[in-house]
Amino acid sequence: MAVVIETDAEQAGAQAPDLFGEFRFKVDGKGRVAVPAEFRRVLPEGLVVSREIEDKCLYVFEPDAFNEWIEGLFEDRFGGYSSSDRRQVRMRSLLKARAQMAEIDSSGRIMLNQPAREAVGISKDVVLVGNTGYFEIWDAKAFDEEFGKIDLGLFYTDSADGADI
């Protein structure tokens, strides 16, 4: 599913897509994977595919959202980007180098280059997961292992007296 939500970017008149849902597909022999129709309705044809920081999956962004993601990383870790800090310059360069442009083709697919697929362990079966402003592409086995460990029951707390309800 996908809807458009207003974010801080609304000051510039832009809206970020709020993508959600889990979709299972296969990567074809040429490295193409289908993009869910729900996502295609709210995304532009031109996207940026980047590896997740720890190479667990691929992230797919609109170009502006990709740059905002990078800015957010520097803001969270360093309080902002400093072009006079050589380490930060190299880190930013590496983040940009790990990304590629991808176009949604007439069949609703995007190309995932081989080095990116290999880096995150994508073989044939994948899971596309919507997230606010972008979507993730996981190897299906890695997704099942990573998310199978998460206990959503942790959102619940016991009552104050410890009694079960």
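Residues numbered from 1 in each chain as written. Predicted model: local features only at pLDDT ≥ 70, side-chain atom pairs only at ≥ 80, totals over all residues. Heavy atoms only, no water.

This next bit is on the packing of helix 2 (residues 63–78) against helix 3 (residues 86–97). In the contact formed by helix 2 and helix 3, the axes pass within 11 Å of each other and the chain directions differ by 150°. Here helix 2 runs over helix 3; the crossing is right-handed. On the side of helix 2, the interface is formed by F66, N67, W69, I70, L73, F74 and F78, while helix 3 contributes R87, Q88, M91, R92, L95 and K96. Among the residues making up the contact of helix 2 with helix 3, the classes are represented as 8 nonpolar, 2 polar and 3 charged. (Axes fitted to C-alpha atoms, helices over the stretch in contact; angles between N-to-C directions. Helix = DSSP H or I, 4+ residues; strand = E, 2+ residues; numbered from the N terminus. Left-handed = near helix turned anticlockwise from the far one by under 90°. Contact = heavy atoms within 4.5 Å. Nonpolar A, V, L, I, M, F, W, Y, C, P; charged D, E, K, R; others polar.)

Turning our eyes to something else, we now look at the confidence of the model for the protein chain. Scored by pLDDT, the protein chain comes out at a mean of 89, with 87% of its residues at no less than 70. A low-confidence stretch, residues 1–13 stays under pLDDT 50, and its non-local contacts, those more than four residues away or across chains, total 28 contacts. (pLDDT = per-residue confidence, 0-100.)

It helps to recall that an α-helix has 3.6 residues per turn; residues three or four apart then point in one direction. Taking 1.5 Å per residue as the helical rise, helix 2 with its 16 residues ought to reach 22 Å, and the 23 Å between its terminal C-alpha atoms agrees with that figure. Every buried residue of helix 2 is listed here: A65, F66, W69, I70 and F74. Positive backbone phi, approximately 80°, marks G79, located one or two places after helix 2. (Expected span 1.5 Å × (residues − 1). Buried < 20%, exposed > 50% of the residue type's maximum accessible area, 1.4 Å probe, protein only.)

Attention now goes to the packing of aromatic side chains. Scanning the model with the defined rule gives 14 aromatic pairs in all. Aromatic rings pair up to connect Y59, F61, F66, W69 and Y134 into one cluster. Here R92 stacks its cationic end above the ring of Y81, 4.6 Å away from the centre of that ring. (Phe/Tyr/Trp six-rings, centres within 6.5 Å; stacked < 30°, edge-to-face > 60°. Lys NZ or Arg CZ within 6 Å of the ring centre and 35° of its normal.)

Remark on secondary structure: sheet strands pair via backbone hydrogen bonds, oriented parallel or antiparallel. With antiparallel pairing, 6 strands are arranged side by side in an open sheet as 3-9-10-6-5-7. Taken across any chain shown, the strands that pair with only one partner, and hence form the sheet edges, are strand 3 (22–26) and strand 7 (99–103). This sheet shows a mean twist of 25° between the axes of neighbouring strands, independent of strand direction. The sheet contact formed by strand 6 (residues 58–61) and strand 10 (residues 134–139) spans 4 bridges and is antiparallel. When the bridges of strand 10 are listed, Y59 appears paired with E136. Running at roughly 30° to strand 5 (residues 46–51), helix 2 makes contact with strand 5, strand 6 and strand 7 of the sheet. (Pairing = 2+ DSSP bridges.)

With that settled, the discussion passes to the side chain of D139. Along the chain, the position of D139 falls in strand 10. Of the side chains with opposite charge, K141 lies nearest to the buried D139, which makes no salt bridge, at 7.2 Å. Looking at D139, its side chain comes within polar contact range of the side chain of S123, at 3.4 Å. Among the polar contacts listed, one links the side chain of D139 to the backbone nitrogen of K141, at a separation of 3.2 Å. Not counting residues up to four positions away in its chain, the partners in contact with D139 are G121, I122, S123 and D125. (Lys, Arg positive; Asp, Glu negative; His and termini not counted. Salt bridge = Lys/Arg side-chain N within 4 Å of Asp/Glu carboxyl O. Polar contact = N/O pair within 3.5 Å; in protein donor to acceptor, adjacent residues only side chain to side chain.)

Along any regular strand the residues' side chains alternate between the sheet's two faces. Residues of strand 7 alternate between two faces, with Q100 and A102 buried on one and A99, M101 and E103 left unburied on the opposite face. Sheet topology places strand 5 next to strand 7; 5 bridges connect them, and they run antiparallel. Each bridged residue has a counterpart across the sheet, and for G46 the counterpart in strand 7 is E103.

Tallying each qualifying case throughout the model produces 10 salt bridges. K26 serves as the salt-bridge partner of D125, at 2.4 Å between the closest nitrogen and oxygen. Linking D125 in strand 9 (residues 125–131) with K26 in strand 3, this pair joins segments that are 99 residues apart in sequence. Owing to a relative accessible area of 52%, K26 belongs among the exposed residues under this scheme.

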